[in-house]
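What follows is each chain in one-letter form.
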Amino acid sequence: MDVYAAMPLWVVLSSLLAAVIILVLGEPWYRSRIVINLLAAGVKIVLVSIMLWGVARGDVFSFHLTLLPGVELQLHADALTMLLSTLSAILWLVTTIYAIAYLKGSPNHARFFGFFSLCVAATMGVATAGNLFTFFLFYELLTLATWPLVVHRGTRDALRSGALYLLFTLGGGGLLLLGIIAVQSLAGTTVFQPGGFLHTLDTPPAILTGVFILLFSGFAVKAAIVPLHIWLPRAMVAPAPVSALLHAVAVVKAGAFGIVRLVYDVYGLDLTALLGLNHLIAGLAAFTILYGSIQALRQQDLKRRLAYSTVSQVSYIVLGVGIGGPLATIGGLVHLVHQGLMKITLFFCAGNVAETHGVKTVADMNGIGRRMPWTMLAFTVAALGMIGIPPIAGFLSKWYLGLGGIAAGQYWVIPVLVASTLLNAAYFLPVLKRAWFDEPDPAQRGTGIAEASPGLLWPALFTAALALGSGILAGMPLSPLQWTTLIVDRFYG
């Protein structure tokens, strides 16, 4: 085995091994667990950095293991792989630090961090999957690894939400499996290829359309495309680090990433357009963007407002895929990173105000900026980025999506983006006004600055700085925008 070429395997194993050790050691090994968590997260960042450098200069990374005749576990790394795996590696370390502080003194620590690491291993498997079969294995492992995190508190509400989560995600997995079997039967392979591979078949369009809908539905559940989004707001019963992970790195991103692979590496843009499926994707994404924003506006619970915001924002990625063309593709793909940085910041901050002052609703936010100025500074940066205020990262996503819509002659994209931006402002600006300008109730929370602990505060400030830096330094080499441009250049030649 070529150790360097097999780098995707080591990336997956680094968190998988950590998960096994943590679960085997059990509850008493608190300090050892922290060391293992941080060490594994650090090792993963080093491995991903090596792979990033290699992919940038054109090195080939690949690992194959034959499981059954014609069925291979295949891991690889291309430029698209690195977009998700780099985001996951960085945010895993940050979220681990946050979770250590957030869950200090709480029960079932080992179970939480064991499945937390397993969740990251599954996400890395999704990112590095080289065929649909491997993608499916890690996609379902992600479902099973995140369920214990969703029900971590063990309350009746948590168990009900966990059951709904399983119902939707396993149902989506079933549809995905049917679609993969169909692809294998039609093409004799499920290996991802730039430009796709189904366009070479002489298969009736109705069959190709049916298979596409099966695969797309399987991915759309995790991507929270309306009406398959219902599980996501209910999953907000989970602890804040889990919410941050679900919304920024793991589950919803796996779904969106699957849709990208489906269109670009299985069907190809030309076949997708020939079947008219690009219009279906773009239409569903646009509807989800507006519906999610309207629902977010109606929520008074802060985490549920953020959850519906995720329903809306993740569909920007899908919208870019549906529009097609270099500019829209850049806008959609770069939002995979930008949304992750901004949304994880928002959930960190929501966790901070809830843990420090018991603030869980928008109505309770009055004056919280005076008591927690640094937490709310991070929240403000991320919220303004979500609205699309320059120079924060979210502006770039919307800018490229708008230019892409015009370039593709799909002018309807512009009013969708404008309406979405206004709705984003309508549900984020009142929160900021209450936090910074409305009078607090001293009887409830006292007076003076009372910030979150450093373990909770610094991760939020760090990710907020990344969201701001990704916008200001977008022209620098290896920025999310430049890396996405590299992906698009290689794809469109």
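None of the values given here were measured: they were computed from a predicted structure.

Colleague: Run through unusual backbone geometry, naming residues and quoting values.
Modeller: Cis peptide bonds are those with omega within 30 degrees of zero, and the linkage from Val 226 to Pro 227 qualifies with 10°. Here Pro 227 is to be found in the loop between helix H7 (205–222) and helix H8 (231–234). Looking along the chain, the bond that leaves Pro 390 and enters Pro 391 is cis, with omega of 5°. Mapped onto the fold, Pro 391 is located in the loop between helix H16 (373–387) and helix H17 (393–407). Here Ala 224, not a glycine, exhibits a phi torsion of approximately 60°, which is positive.

Colleague: With reference to specific residues and values, describe helix H1 (residues 7–25).
Modeller: Under the 1.5 Å per step criterion, the end-to-end length of H1 is 27 Å for 19 residues, consistent within 8% with the ideal 27 Å. The sharpest bend along H1 measures roughly 25° and falls at Leu 13. Looking only at H1, the buried set comprises Met 7, Pro 8, Leu 9, Val 11, Val 12, Ser 14, Ser 15, Ala 18, Ala 19 and Ile 22. Contacts made by the buried residues of H1 are with helix H2 (30–56), strand E1 (61–68), strand E2 (71–77), helix H3 (79–102), helix H4 (109–128) and helix H5 (132–150). A positive phi of about 85° marks Gly 26, the residue just after H1.

Colleague: Any chance you could break down the packing of aromatic side chains for me, citing the residues and the numbers?
Modeller: The description of an aromatic ring pair rests on the distance of the ring centres and on the angle between the ring planes. Using the criterion set out here, one finds 19 aromatic pairs in the structure. For the ring pair Phe 212 and Phe 216, a centre distance of 6.1 Å and an interplane angle of 10° mean the geometry is stacked. Of this pair, Phe 212 and Phe 216 both sit in helix H7, four residues apart, roughly one helical turn. Both residues of the pair, Phe 212 and Phe 216, count as buried. Note on Tyr 264 and Phe 491: the rings are 4.7 Å apart at their centroids and 80° apart in plane angle, and the pair reads as edge-to-face. One end of the pair, Tyr 264, is in helix H10 (residues 251–267); the other, Phe 491, is in helix H21 (residues 480–492), and 227 residues separate them in sequence. You can call Tyr 264 buried: its relative accessible area is 6%. The structure contains a cluster of three or more aromatic residues connected by ring pairs, namely Phe 135, Tyr 139, Phe 192 and Phe 219.

Colleague: Can you lay out the pairing of E1 for me, pointing to particular residues and giving the numbers?
Modeller: Alignment of E1 against E2, held across seven bridges, turns out to be antiparallel. If you follow Thr 66 over to E2, its bridge partner there is Glu 72. Where E1 hands over to E2, the hairpin turn is made up of two residues, of which Gly 70 adopts a positive phi near 85°.

Scoring rules and cut-offs
Residue indices begin from 1 for each chain and proceed along its sequence in written order. Per-residue local features of the predicted model are confined to residues with pLDDT of at least 70, and side-chain atom pairs are confined, for both listing and counting, to 80 or more; whole-chain, interface and lining totals are unaffected and use all residues. Remark: hydrogens and water are excluded; side-chain values derive from all non-hydrogen atoms of the structure. The numbering of helices and of strands both runs from the N terminus, where a helix is a DSSP run of H or I of at least 4 residues and a strand a run of E of at least 2. One less than the residue count of a helix, multiplied by 1.5 Å, gives the span that helix is expected to have. In this analysis the local bend is the angle between axes fitted, respectively, to the seven residues ending at and the seven residues starting at the residue. Burial classes: relative accessible area under 20% of the type maximum marks a residue as buried, over 50% as exposed, and values in between as partly exposed (1.4 Å probe, protein chains only). The contact criterion used throughout is that any non-hydrogen atoms of two residues lie within 4.5 Å. Two rings from Phe, Tyr or Trp (for Trp, the six-membered ring) form a pair when their centres sit within 6.5 Å of each other. Planes less than 30 degrees apart are called stacked, planes more than 60 degrees apart edge-to-face, and all others tilted. At least two DSSP bridges between two strands are needed for those strands to be called paired.

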